[in-house]
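Structural overview
Here's the letter readout for the chains.
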2 protein chains.
Amino acid sequence: MKIILILGAGLSSTSMIRYFLDLAPEKNWKIRIGDLNVRSATQKIGGNPFGEAFSFDVYDDLSRIREIRQSDIVVSMLPAKMHYLVALTCIELGKDLVTASYVSPELKSLDSLAKEKNVILMNECGVDPGIDHMSAVQMIKKIRDAGGIITAFESSTGGLVAPGYENNPWQYKFTWNPRNVVLSGKDGARFLHNGKFKYIPYHKLFQRIETIQVPELGEFEVYGNRDSLTYRETYGLHDLQTMFRGTIRRPGFCEAWDIFVQLGATDDSYIMEETENMTNREFINSFMAYRVDIPVEQKLAAYLHFKEDSAMMDRLKWLGIFENRKIGIPNLTPAKVLQHILEQKWRLEPDDKDMIVMQHQFDFMLKGIHRKRYSTLVFVGEDSEHTAMSITVGYTVAIVTKILLEREIPHKGVLLPIIPEIYNPVLDELKKYGIAFIEEEITID
Amino acid sequence: MKIILILGAGLSSTSMIRYFLDLAPEKNWKIRIGDLNVRSATQKIGGNPFGEAFSFDVYDDLSRIREIRQSDIVVSMLPAKMHYLVALTCIELGKDLVTASYVSPELKSLDSLAKEKNVILMNECGVDPGIDHMSAVQMIKKIRDAGGIITAFESSTGGLVAPGYENNPWQYKFTWNPRNVVLSGKDGARFLHNGKFKYIPYHKLFQRIETIQVPELGEFEVYGNRDSLTYRETYGLHDLQTMFRGTIRRPGFCEAWDIFVQLGATDDSYIMEETENMTNREFINSFMAYRVDIPVEQKLAAYLHFKEDSAMMDRLKWLGIFENRKIGIPNLTPAKVLQHILEQKWRLEPDDKDMIVMQHQFDFMLKGIHRKRYSTLVFVGEDSEHTAMSITVGYTVAIVTKILLEREIPHKGVLLPIIPEIYNPVLDELKKYGIAFIEEEITID
């Protein structure tokens, strides 16, 4: 019997735990699930005899060491800052670790130590980062093996509500961590366009958008996602002329979201005064100059140059930002006030379904012909518990874990899932669950 | 004989050292000046027998302890982050410390320890912060003692070139630390206007400016300076309806500087690619979308909505930002590239004079009448060495130091110069050097 240790039983673990429990009888696995909140772990196991819940505090050295020692492999779904401590103990005890988080510089520094101990620390095994890496690298290899020379690579991902459930003026609801959505784009974007390095600051990010076409779903908007330049290295695409990563939203979202960015309402760097007594309307007004001769709505439209009678204003009004409703919580940053207001409106209802959309675009030269390949994933969730986000992240982490348990991987240390021994079987198995890319290729004159 | 220990002999210490050396014979002082660069300290002493230069590294514990132990009082003109270490040693050895820097939370935490040891850690003794505090608090007391109730307080300061030397399209040159000028405003502004808290993010700061009138000099622009709200506490103005602090520039500056803010050219959070091979023109172009059909100048004007044939464009062109001149330095942030470009143009020439402008505006009710008092300081420097900035900062620090050496102050711990025992004699003595405020009062209908 093999013991799989799962640390963290939050929202993001739901579908992953189902996957492990479904396979446990056949594979002879025991799934031990630790969380500060043991009830959350117990609930997710739902009486399945192959699962065991226990109370877990990552900062309790004795229990962390005991649990990791007893296990055959460790999956950390804890907040990313806690991975370092878990990784240290894994290295010490010779256990492999899987996470869905970006590799932090701190974790990266454990590479040689992990190699020395023959341990794998496998990260970025979710959807973005995760499936994006695996599908991109697989396609890049395919194009190159056929003799193609890649000149441009653009890749975008979005967590959205599924068609039929986008029933509000924003066509958007929170399908994942609301705080990450409010702070999305903070670092601006850095990318490569036709051989030129390009930099977009946060306050221009939602104005300088691109559009993409998704088969059967139509047009979407894309805004730049952090530093695309580091991916040249990761993907082995050093001589690329264009390299861009983006985040996908439905049309009209970016223009309206930009209002909050321009106001400064997404700032998370300071505590506002007296947020407990502030109303939504006062919150919005606090980012504009003092004047009492015109209503806040009119002042906002004049300040940020849009029409009062517009789809933009409809979106803003629908959120309730002009209402005299109290925030009622002290000591909040602007970003946290905004999140509080949005959470009342962008809530995923129990019957709502979410959707993951991912699209890669590869420009390449093959036998003297300029070609463009589109590789698109659309995956709709089951319900508000087994969301598309939860399934794509959870199954990917779980399948990577299964592979590490069952096969010998010829690499050690801090890894990403960009080695064929990982991405080929993972992408193959994901297809069985309907998580599959549709390919399209055109010739460009 | 008393020993005054000066740590740091950079630009900001020039006039302060002159003040101390001038008074040393009469006062029986010895002035010991330590700097990493001992030549800089030696130069500033210029053979004066009352001064002694020595090589000083703040991180060398033995020499720091030895020097502070030998001294009667310590003045730290080192970078602000080094004050904490100096302050700790001062507390240990029972010596008072004077700085011109803002009190950091770290330094603030030493308050009770300093009080315990009967030590004064006196900060914010320059011009802004420094003279602004002292003159404001003195005037506030004067108005209140006469029975006035203050409803609004606005205070602005600027380091500028003096009239006759503003001979470029920006009417601006670096008269102080260029890096601070490039990063100025980064934290946005927070203030109080007619009882409403107002917040301006960095990317709107240079668009939402005010204007002030300075006697004999005319109109200036003012942009918000950080968190004005904390000053309610400092100045004892808890029931104020309006409280604003600003930074002064000549007309047209803010609109043009905003171009760099909007582009993202003042970002200091990441290293740009290949700055060693980049030209000024490529630097500016890297913040705009890729297109090769129009020149960079035209693209910029279209992107940021100004006319190509305008004073704005003249200012930008004069800086050389469109020239094909190489930056030639690797691994720079955008802010550092911009600083490098500006330093070639905004250099204070040897014959140039600089100027400090400070204006307080107090609105108050006195015997049922609404009055407004303007309190304005204009001080022109001697030359490019003894600048207005160097003299106002240096003399203020020096006079505070003299007072602490000669009189018993009934307060201990981490202090600001807002106690009458300090600000009255300091402001009196500054007048002798021409550093004086002009008062004006009007009645508002």
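Structure first, text after, so check above.
Residues numbered from 1 in each chain as written. Chains lettered and ligands numbered in written order. Predicted model: local features only at pLDDT ≥ 70, side-chain atom pairs only at ≥ 80, totals over all residues. Heavy atoms only, no water.

For the pair chain A and chain B, the relating rotation is 180 degrees, the translation along its axis is 0.2 Å, and the fit reaches an RMSD of 0.1 Å. Taken together, the rotation and translation describe the operation of a two-fold axis. The position closest to the rotation axis in chain A is occupied by the C-alpha of His 203 of chain A, lying 3.4 Å away. Comparing interface residues between copies, 100% of those in chain A also sit at the interface in chain B, which points to an isologous, same-surface contact. (Least-squares fit on C-alpha atoms with pLDDT ≥ 70 in both. Contact = heavy atoms within 4.5 Å.)

Now for the packing of helix H7 (residues 131-145) of chain B against helix H17 (residues 420-432) of chain B. Residues and elements named next belong to chain B. One can describe the packing of H7 onto H17 by two numbers: an axis separation of 10 Å at closest approach and a directional angle of 110 degrees. With respect to H17, the axis of H7 lies roughly perpendicular. In terms of crossing hand, the pair formed by H7 and H17 is left-handed. Contact with H7, carried on its side by Ile 131, Met 134, Ser 135, Val 137, Gln 138 and Lys 141, involves Tyr 423, Asn 424, Val 426, Leu 427 and Leu 430 of H17 and no other residues of that element. Taken together, the residues that form the contact of H7 with H17 break down as seven nonpolar, three polar and one charged. (Axes fitted to C-alpha atoms, helices over the stretch in contact; angles between N-to-C directions. Helix = DSSP H or I, 4+ residues; strand = E, 2+ residues; numbered from the N terminus. Parallel < 35°, antiparallel > 145°, perpendicular 65-115°, else oblique. Left-handed = near helix turned anticlockwise from the far one by under 90°. Nonpolar A, V, L, I, M, F, W, Y, C, P; charged D, E, K, R; others polar.)

Here the focus is the interface of chain A and chain B. Listed as interface residues are 31 residues of chain A and, on the opposing side, 31 residues of chain B. When chain A packs against chain B, the two sides together hide about 2800 Å² of surface, and 54% of this comes from carbon and sulfur. When residues of chain A are sorted by the area they lose upon contact with chain B, Tyr 199, Glu 273 and Tyr 290 of chain A head the list and together hold 25% of the total. Taken together, chain A and chain B are joined by two salt bridges. Two residues, Arg 232 of chain A and Glu 273 of chain B, come together in a salt bridge whose shortest N-O distance is 3.6 Å. Applying the counting criterion to the chain A and chain B interface returns 17 residue pairs in polar contact (both at pLDDT 80 or more). Taken together, the elements giving at least two residues each to the side of chain A that touches chain B come down to strand E8 (189-193), strand E9 (196-200), helix H9 (202-205), helix H11 (253-263) and helix H13 (296-303) of chain A. (Buried area = accessible area lost by both parts, 1.4 Å probe. Salt bridge = Lys/Arg side-chain N within 4 Å of Asp/Glu carboxyl O. Polar contact = N/O pair within 3.5 Å; in protein donor to acceptor, adjacent residues only side chain to side chain.)

With that out of the way, let us pick up the sheet that holds strand E1 (residues 2-7) of chain B. Pairing between the strands of a sheet comes from backbone hydrogen bonds, and it takes one of two forms, parallel or antiparallel. All names here are of chain B. The sheet built from seven strands is open, its strands ordered E3-E2-E1-E4-E5-E6-E16 with parallel pairing. Only two strands of the sheet have a single partner each, and these edge strands are strand E3 (51-55) and strand E16 (413-415). Sheet twist, expressed as the mean angle between neighbouring strand axes with direction ignored, is 20 degrees. Here five bridges tie strand E2 (residues 29-35) to E3, and the two strands are oriented parallel to one another. The residue of E3 that forms the bridge with Asp 35 is Ser 55. Sitting on the sheet, helix H2 (residues 38-45) touches E2 and E3, and the angle it makes with E3 is about 170 degrees. (Pairing = 2+ DSSP bridges.)

Two residues of an α-helix separated by three or four positions point the same way, owing to the 3.6 residues in each turn. Residue and element names in this part refer to chain B. Inspection of H2 places Ser 40, Ala 41 and Ile 45 among the buried residues, and these make up the whole buried set. Looking down the long axis of H2, one finds its buried residues gathered within 135 degrees of arc, a one-sided arrangement. Those residues of H2 that are exposed and angled more than 90 degrees off the buried face are Arg 39 and Gln 43. In this structure, the buried residues of H2 make contact with helix H1 (14-27), E2 and E3. Positive phi appears at Gly 46, one or two residues downstream of H2, with a value of about 55 degrees. (Buried < 20%, exposed > 50% of the residue type's maximum accessible area, 1.4 Å probe, protein only. Arc of directions from axis to C-beta.)

Don't take any of this as a statement about function, it's just geometry.
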